[in-house]
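Spelled out, the chains give:
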Amino acid sequence: MFGSENVHVTPGMQQYIDRNTEYLQRRAQYIRDVVKKWKFDTIAVHGLYSVQEAIEDYQGAIIEPVFMSSSQAYRDSDEMAAALGYLIPTWCYSRIANPSTYYYEWMLALLEGYGFDGETGCCSTSSGMAAISAAVQPFLVHRTHNRHEPRNFVATAQCYGGTFQQFNVRLREERDIECRWVEDPTDLDQWASKIDANTRFLYGELPSNPQQGFFDIRAVADLAHAHNLPLICDTTVATPALLRPICHGADIVVQSATKSLTTSGFGVCGAVIARRDIVSNIDNADMKADFALYIKYLPNRDYGPNLHPLQAILTMNDMRTLRSKMDLLSRNTMQVAEFLSRHPQVESVQYLGLPNHPLHELASRYMWLVDAEYDDLYRKPVNRYGHLMSFCVKGGHEATRKVFDGLQRIWRATDLGRIKSVATIPSISTHQQQGEEGRRLAHVSDNMIRLCVGGEHPDDIIADLDQALNRLRTRVAVGRPAGVA
Ligand SMILES: *Cc1c(COP(=O)(O)O)cnc(C)c1O
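Residues numbered from 1 in each chain as written. Predicted model: local features only at pLDDT ≥ 70, side-chain atom pairs only at ≥ 80, totals over all residues. Heavy atoms only, no water.

**Remarks on the site of the ligand**
Phase 1: Lining the immediate environment of the ligand, one finds 14 residues, of which G128, D234, S256, T258 and K259 sit closest.
Phase 2: Note that an oxygen atom of the ligand is positioned 2.9 Å from one of the backbone N or O atoms of M129.
Phase 3: Here D234 contributes a side-chain N or O atom positioned 2.7 Å from a nitrogen atom of the ligand.
Phase 4: Protein chains shield 93% of the accessible area of the ligand, which is 380 Å² for the free molecule.
Phase 5: For the shell around the ligand, the element with the highest residue contribution is helix 6 (residues 128-136), accounting for three residues.
Phase 6: Residues of the shell around the ligand, tallied by class, amount to five nonpolar, six polar and three charged. (Near = heavy atom within 4 Å. Polar contact = N/O pair within 3.5 Å; in protein donor to acceptor, adjacent residues only side chain to side chain. Areas by Shrake-Rupley, 256 points an atom, 1.4 Å probe, with all protein chains shown as cover. Helix = DSSP H or I, 4+ residues; strand = E, 2+ residues; numbered from the N terminus. Nonpolar A, V, L, I, M, F, W, Y, C, P; charged D, E, K, R; others polar.)

**Some points on the pattern of salt bridges**
Phase 1: Taken as a whole and judged by the stated rule, the model has 22 salt bridges.
Phase 2: Residues R180 and D196 are paired through a salt bridge, measuring 3.0 Å at the closest nitrogen-oxygen approach. Note that R180 is positioned in strand 3 (residues 178-182) and D196 in the loop between helix 8 (188-193) and strand 4 (199-205), a separation of 16 residues in sequence.
Phase 3: Here R301 and D302 are joined by a salt bridge, their closest N and O atoms 2.8 Å apart.
Phase 4: Each of D41, R323 and D375 takes part in a single network of salt bridges with overlapping partners. (Salt bridge = Lys/Arg side-chain N within 4 Å of Asp/Glu carboxyl O.)

**Examining the sheet that holds strand 1 (residues 120-125)**
Phase 1: Pairing is mixed across the open sheet formed by seven strands, whose spatial order is 1-7-6-5-4-2-3. Two strands close off the open sheet at either side, each with one partner strand: strand 1 and strand 3. Within the sheet, the average angular offset between the axes of one strand and its neighbour, ignoring direction, is 20°.
Phase 2: Bridge count between strand 4 and strand 5 (residues 231-234): four bridges; the pairing is parallel. Bridging from a neighbouring strand, E205 pairs with D234 of strand 5.
Phase 3: Against the sheet, helix 7 (residues 161-175) engages strand 2 (152-156), strand 3 and strand 4, with an angle of about 145° to strand 3.
Phase 4: Contacting strand 4 and strand 5, helix 9 (residues 217-226) runs over the sheet at an angle of about 150° to strand 5. (Pairing = 2+ DSSP bridges. Axes fitted to C-alpha atoms, helices over the stretch in contact; angles between N-to-C directions. Contact = heavy atoms within 4.5 Å.)

Encoded structure:
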């Protein structure tokens, strides 16, 4: 597998292969018989790092060690040849793999695969953008010797600004790979009408950043599969604690683990998580059988978007409490959204949790706090919608900037997913580069503020928003029309 056809196996190499085959079988059994039976919280706390493994291999360290080492040494040439031929599990060189990122990858593979009865794998990346690039590139290869072979893919227009740029500039403008935007992803006919023989994959972000776009994952996955295409989902905003697309038929998930998965905000990282045996019209059996391992061992080895081991462990420490954090942050956001929807200076609020949001019902079919039925606070399934929302300010762009500049507790930053509340104006930050037409496609208006509510007491966040919004009212009192700066 993975390009090892050319490797000549010596008897010495065969001994290493046999020993490692045994190890892999033991690991698969541990996952199947032990880890897969745990609840979500237990997987998030332990992942694949066990007491036994710690004592035997890592001097009993209760936290996964940070392997700040560029490469791995081998006992002899047989072990080295088997390792570099990918005939045994190995980490070789930290651009390819590393023991710290290994535990991070397993934790994410297991969390995204929670409730899914097949196998999932994960490949860590240096950022969310690197994860998107690593996930889509294998489908964009030439299938024929015709270098001008047309290639396209279909994606939701409501997406993160960086994704828009990667698809629209790097792929479409620079490489002639057509991105066909779906403006209303709830309309299945729109998806269907854009698929043809040259389509390589369907891509959807949900809930979308910042507009809270959403779609019926099951229906879009079925449509993709009917055309022999994979569905790739970006569920960064939801995290696996609220939504796991692979359970609903998606083939691949990309995560900007920078965001809610690393609530502390220690740095940037990403991940590609895939089920086994994905659907694709590309003739590459290894790629389809284990997509995550394939990109890790081949394209990412050659492109080098690897994650630093220290960042992997910092993020893992954040993920251990993911479920309870996403519950708290979602509840706080709900209170803030309700407050904003009643505020006279607010034109509209976009939050899937609000019952009057047009996509509330659809989102409520998919967004559940994992294991709420086993939580003694709830004892039944409960919907949670995450901590990203946006709202539009009355009075246009200048009024919006005034409110934004008046925030005192909420941080002004192009960031989200933090334990601290953070706000931005997408039209001048995350969605600035894509221009007016791109923003119209993505439903980003210039009076929109994106707000990601943190773990502060919601009363304090509401008070901060109230005083900032009321700066507009003062203008009304002195006789000028609302919003005219
Ligand atoms: C931030 C973000 C990305 C990009 O991730 P980075 O880690 O910043 O590279 C991709 N998708 C979504 C939804 C995001 O919010």
